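Structural features, examined
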Amino acid sequence: MTTDNTRVDFWFDPSCPWAWMTSRWVDEVATHRDLDVHWHIMSLAILNENNDVPESYRAFFPRALRYARVVATAEALHGAETLKPLYDALGRRIHLDERATDIEAVVAESLAEAGLDASIADRALSDADGRFEFEAELRASHRSGIDLVGDDVGTPIIAVNGVAFFGPVISPAPRGEQALALWDGVVAAASYDGFFELKRSRTRDPIFS
């Protein structure tokens, strides 16, 4: 079982539906347990920039990177406390409302909902030379998660009191006692230093309930 005041670090890419569902599960657990959750940005585009991936998947990266850069810019300008409200606002529009390709409207609406200045959208764009102002900060946040679990993973990454793991990949996000049972099981498995992987093929798509 987890103890009171458990520190949880959660790395997410706003565009990943699996990370979104896992984040909703962590939110559910946090309503019943004393979790101190810290949110961090990571990027599937950066993770796969040198990997041989299908062109259909690579075509998704510019959009995903745009959203990740908006989050990184908000954090760089206004602090880590901006991440969760901005992630919530983006995620509802991207995943629940299925508006992922309506990028600039989603960004503008999400910034407004999170109480952030609209200028963040422009600051998150590349300049004339192709440079993103907060590239170093985005990559540092991304790397801080990847360094805990290795490069052959994805998003989300969770660290519980410093013990990190990829996932869990779930669909849909469990509620109530089921959410707590899963939490305790995952944390117990991850707490053993010799535990590395437990996996089965996905048999369903993301279910946003």
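Please refer to the structure higher up on the page.
Residues numbered from 1 in each chain as written. Predicted model: local features only at pLDDT ≥ 70, side-chain atom pairs only at ≥ 80, totals over all residues. Heavy atoms only, no water.

**A few points about a nonpolar patch on the surface**
For the record, the criterion: Patch rule: a residue counts if its relative accessible area is over 30% and it has no salt bridge; like charges are joined within 9 Å, and nonpolar side chains (Val, Leu, Ile, Met, Phe, Trp, Tyr) within 5 Å. Shrake-Rupley sampling with a 1.4 Å probe provides the accessible areas, and residues are treated as covered by the protein chains on show and by no other component. Any Lys or Arg side-chain nitrogen located within 4 Å of an Asp or Glu carboxyl oxygen qualifies as a salt bridge. Counting from the N terminus, the helices are DSSP H or I runs at least four residues long and the strands are E runs at least two residues long.
A surface patch of nonpolar side chains, about 380 Å² in accessible area, is lined by Tyr192, Phe195 and Leu198. Following the sequence through the fold, Leu198 ends up in the segment after helix 9 (176-190).

**Quick word on the pattern of salt bridges**
Our working definition: Each residue is placed in one exposure class: buried if its accessible area under a 1.4 Å probe, protein chains only, is under 20% of its type's maximum, exposed if it is over 50%, and partly exposed if it falls in between.
A full pass over the atoms with the stated rule returns 21 salt bridges. We note a salt bridge from Asp9 to Arg7, for which the minimum N-O separation is 2.8 Å. The closest approach of N and O atoms between Glu135 and Arg69, which form a salt bridge, is 3.2 Å. Separated by 66 residues along the polypeptide, Glu135 in helix 8 (residues 135-149) and Arg69 in helix 4 (residues 61-78) bring together distant segments of the chain. Judged by relative accessible area, Arg69 falls into the buried class, the value being 15%. Within the structure, one salt-bridge network assembled from shared partners comprises Arg92, Arg93, Arg99, Asp102, Glu109 and Glu113.

**With respect to the pairing of strand 4 (residues 163-166)**
Definition in use: Strand pairing follows a simple DSSP-based rule, namely that at least 2 bridges must link the two strands.
Across 4 bridges, strand 3 (residues 157-160) lies against strand 4 in antiparallel orientation. Residue pairing across strands places Val160 opposite Val163, the latter belonging to strand 4. Where strand 3 folds back on strand 4, the antiparallel hairpin that results is connected by 2 residues, among which Asn161 adopts a positive phi of roughly 50°.

**Topic: the sheet that holds strand 1 (residues 6-12)**
Two strands in a sheet stick together by hydrogen bonds in their backbones, pointing the same way (parallel) or opposite ways (antiparallel). Cut-off, in case you're wondering: Only the contacting stretch of a helix is used when fitting its axis, a line to C-alpha atoms as for every element, and angles between N-to-C directions run 0 to 180 degrees. Here, residues are in contact when the closest pair of their heavy atoms is within 4.5 Å.
Read across the open sheet, the 4 strands follow the order 2-1-3-4; overall the sheet is mixed. Because the sheet does not close on itself, it has two edges, and the strands there are strand 2 (35-41) and strand 4. Ignoring which end each strand starts from, the neighbouring axes of this sheet average 20° apart. Across the sheet, helix 1 (residues 17-30) lies against strand 1, strand 2 and strand 3, angled at about 160° from strand 2, the strand it touches most.

**Description of the packing of aromatic side chains**
Using the following cut-off: The rule is short: rings of Phe, Tyr and Trp, with Trp giving its six-membered ring, pair when the centres are within 6.5 Å, and they are stacked under 30 degrees, edge-to-face over 60, tilted in between.
Scanning the entire structure with this criterion turns up 10 aromatic pairs. Here the aromatic rings of Trp25 and Trp183 are separated by 5.4 Å at their centres, their planes lie at 55°, and the arrangement is tilted. Here the residue Trp25 occupies a position in helix 1, and Trp183 occupies one in helix 9, the gap between them amounting to 158 residues. Accessibility assignment for this pair places Trp25 and Trp183 in one class, buried. Pairwise contacts between aromatic rings join Phe10, Phe12, Trp20, Trp39 and Tyr87 into one cluster.

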